[in-house]
Amino acid sequence: MEQEDTMSESDTSQIQAFSPGKLARREKIAEARERHRIEYEAITTVRNCLACGEEFRSEGAHHRLCSRCRSRR
Ligand SMILES: [Zn+2]
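Chemist: Explanation requested: the overall build of the protein in the structure shown.
Modeler: When helices and strands are tallied, the protein shows three helices and two strands. When the elements of the protein are put in sequence order from the N terminus, they spell out α-α-β-β-α. Classification of the 73 residues of the protein by burial places 12% in the buried group. Summarising the internal contacts of the protein: among those between residues at least 6 apart in sequence, 0% fall at separations of at least 24. Taken as a whole, the protein presents about 6700 Å² of accessible surface, with 52% of it coming from carbon and sulfur.

Chemist: What am I meant to see in the side chain of His63 here?
Modeler: Note on placement: His63 falls in the loop between β2 (55-58) and α3 (67-72). In this view, His63 contacts Arg47, Phe56, Arg57, Ser58 and Arg70; residues no more than four positions away in its chain are not counted.

Chemist: Just checking my understanding: could you explain the coordination of the zinc ion for this structure?
Modeler: Ideal values for angles at a metal depend on the geometry: 109.5 degrees with four tetrahedral donors, 90 or 180 degrees with six octahedral donors. In this structure, Cys49 (SG), Cys52 (SG), Cys66 (SG) and Cys69 (SG) serve as the protein donors to the zinc ion, at separations of 2.3 to 2.4 Å. Here the zinc ion binds four donor atoms, and the angle range of 104 to 115° at the metal identifies the geometry as tetrahedral. By relative accessible area, which is 6% here, Cys69 ends up buried.

Chemist: Explain the pattern of salt bridges to me, please; I cannot follow it from the model alone.
Modeler: Pairs can form between side chains of opposite charge whenever their charged atoms are close. For the structure on display, the rule yields four salt bridges. Glu31 serves as the salt-bridge partner of Arg35, at 3.6 Å between the closest nitrogen and oxygen. Within this pair, Arg35 and its partner Glu31 are both found in helix α2 (residues 20-43), separated by four residues, close to a single helical turn. Residue Arg37 is joined to Glu34 by a salt bridge in which the shortest nitrogen-to-oxygen separation is 3.0 Å. A residue pair is termed a helical-turn pair when its members lie 3 or 4 positions apart in one helix, as Arg37 and Glu34 do in helix α2 at three residues. Connected through shared salt-bridge partners, Glu34, Arg37 and Glu41 make up one network.

Chemist: Explain the pairing of β2 here, please?
Modeler: In summary, the side chains of a regular strand alternate between the two faces of the sheet. Of the strand pairs in this sheet, strand β1 (residues 45-48) and β2 are connected by four bridges, and their pairing is antiparallel. Bridged to Val46 within β2 is Arg57. Connecting β1 to the antiparallel partner β2 that follows it, the hairpin turn spans six residues, and Gly53 within it adopts a positive phi of roughly 80°.

Calculation notes
- Residues numbered from 1 in each chain as written.
- Predicted model: local features only at pLDDT ≥ 70, side-chain atom pairs only at ≥ 80, totals over all residues.
- Heavy atoms only, no water.
- Helix = DSSP H or I, 4+ residues; strand = E, 2+ residues; numbered from the N terminus.
- Buried < 20%, exposed > 50% of the residue type's maximum accessible area, 1.4 Å probe, protein only.
- Contact = heavy atoms within 4.5 Å.
- Areas by Shrake-Rupley, 256 points an atom, 1.4 Å probe, with all protein chains shown as cover.
- Donors = N, O, S within 2.8 Å, 3.2 Å for Na, K, Ca; no water.
- Tetrahedral: all angles 85-135°; square planar, octahedral: opposite > 155°, others 65-115°.
- Salt bridge = Lys/Arg side-chain N within 4 Å of Asp/Glu carboxyl O.
- Pairing = 2+ DSSP bridges.

As structure tokens, then:
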């Protein structure tokens, strides 16, 4: 039983290290990021990269290389 008490004590101190305001802000950022991802997927289509053949999210007809191959040039 002594061990269990020690564990719950350390759990409590870990929670206290996170201030509730910071936690809420982090949740908001995750929410905004998720919304951004959904929007991005709505405006892009899956294409195969002309250079490496891997699937990537294309932003339009002009966009035929994945971000990896594009950054290589
Ligand atoms: Zn590629």
